[in-house]
Amino acid sequence: MLTLVMDTIENYACAHTSNESAVLRELFKESIVKFKMPNMSVGHSEGSFLKFLIQISKAKRILEIGTFTGYSALAMAEVLPDDGEIITLDINEKTTDIARLYWAKSPHEKKIKLILGNALETLKTIKGPFDMIFIDADKTNYTNYWDACISKVKSGGFIVADNVLWKGRVLNPKDEDSFALDAFNKHVLSDNRVDVVMLTIRDGLTLAYKK
Ligand SMILES: C[S@@+](CC[C@H](N)C(=O)[O-])C[C@H]1O[C@@H](n2cnc3c(N)ncnc32)[C@H](O)[C@@H]1O
């Protein structure tokens, strides 16, 4: 588990969170078997939190950077209204093939649009406004993603960024990803277009509300 709290506590919290759908459960299991990277997907607790944000904000149009095997995209699509849309960007054909396979098992597939390619390039072709943007791809580009995305979020919308605590390594950065995430966190905080809260959920989650 990629979490900053004890596994026993994380498990207890998951056990007291509404169940994930059968498709999401299967998808999570297959992602671990195929790619041996259980920490890549947001998983049950964080996925449920993203859903909750969508439900209370009534978000309808979402942009996601970093699809992997499609867990977070499908989790979010499950609570979007029928005319809602999530555009999700990734560069990896192999992992997104799994995503497509599982989305096709869900009635919410029609709300998801995958665009393959380098996200920074793809972002140049995507028009806002979005109600919510979820940043969850390569950490060294987080600040670039922020700069490319901030004008695409509507006023009253929000950006969510995952892994902002990087298992605590941002406190004393020693590698490229940790330096990049620490710089991103400071960049976001200094942006006066947003109100920011950093949460210690899982590996750290920043919520930024566009004023
Ligand atoms: C942490 S995973 C995303 C997990 C996903 N949001 C979920 O919860 O299921 C990060 C993804 O970013 C993608 N990625 C990395 N660099 C990228 C780039 N330059 N452009 C687009 N996607 C990229 C990787 O292929 C990987 O699938």
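What counts, and at which threshold
Residues numbered from 1 in each chain as written. Predicted model: local features only at pLDDT ≥ 70, side-chain atom pairs only at ≥ 80, totals over all residues. Heavy atoms only, no water. Helix = DSSP H or I, 4+ residues; strand = E, 2+ residues; numbered from the N terminus. Rg over C-alpha atoms; globule rule 2.2 N^0.38 Å. Contact = heavy atoms within 4.5 Å. Areas by Shrake-Rupley, 256 points an atom, 1.4 Å probe, with all protein chains shown as cover. Lys, Arg positive; Asp, Glu negative; His and termini not counted. Charge placed at Lys NZ, Arg CZ, Asp CG, Glu CD. Patch = residues over 30% accessible without salt bridge, like charges linked within 9 Å, V, L, I, M, F, W, Y side chains within 5 Å. Salt bridge = Lys/Arg side-chain N within 4 Å of Asp/Glu carboxyl O. Near = heavy atom within 4 Å. 1 Å grid on protein atoms, 1.4 Å probe; cavity = no way out; pocket = protein on both sides within 12 Å on 5 of 7 lines; lining within 4 Å. Sits in = over half its atoms within 2 Å of the grid points. Nonpolar A, V, L, I, M, F, W, Y, C, P; charged D, E, K, R; others polar. Polar contact = N/O pair within 3.5 Å; in protein donor to acceptor, adjacent residues only side chain to side chain.

Engineer: Just give me the short version of the overall build of the protein, but keep the residues and values in it.
Structural biologist: Check the secondary structure of the protein and you find eight helices and seven strands. For 211 residues, the compact-globule formula gives about 17 Å, and the C-alpha radius of gyration of the protein, at 16 Å, lands near that figure. With the principal axes as the frame, the protein shows a C-alpha extent of 40 × 40 × 30 Å. A separation of at least 24 residues holds for 70% of the contacts in the protein among residues at least 6 apart in sequence. Only carbon and sulfur atoms are counted for the fraction: they give 57% of the accessible area of the protein, which is about 10,300 Å². Treating the 27 positive side-chain charges of the protein as one cloud and the 28 negative ones as another, the clouds have centres 3 Å apart.

Engineer: Please set out a nonpolar patch on the surface residue by residue, giving values where relevant.
Structural biologist: A cluster of nonpolar side chains, namely Val-5, Met-6 and Ile-9, defines an oily patch on the protein surface of about 280 Å² accessible area. As for its position among the elements, Met-6 is in the segment before helix H1 (7-15).

Engineer: Describe the site of the ligand, with residues and values.
Structural biologist: Looking at the ligand, there are 19 residues lining it, with Val-42, Gly-66, Ser-72, Asp-90 and Asp-136 nearest. Starting from 600 Å² of accessible surface for the ligand in isolation, the protein chains cover 89%. Among the detected pockets, the ligand sits in the largest pocket. Looking at the shell around the ligand residue by residue, the class counts come to eight nonpolar, seven polar and four charged.

Engineer: Give a detailed account of the environment of Glu-85, specifying residues and quantitative values.
Structural biologist: Following the sequence through the fold, Glu-85 ends up in strand E2 (residues 85-90). For the pair Glu-85 and Lys-110, spaced 25 residues apart in sequence, the C-alpha separation works out to 8.3 Å. With residues up to four places along the chain from it excluded, the contact list for Glu-85 reads Lys-60, Arg-61, Ile-62, Leu-80 and Lys-111. Polar contacts involving the side chain of Glu-85 include one to the side chain of Arg-61, which spans 2.9 Å.

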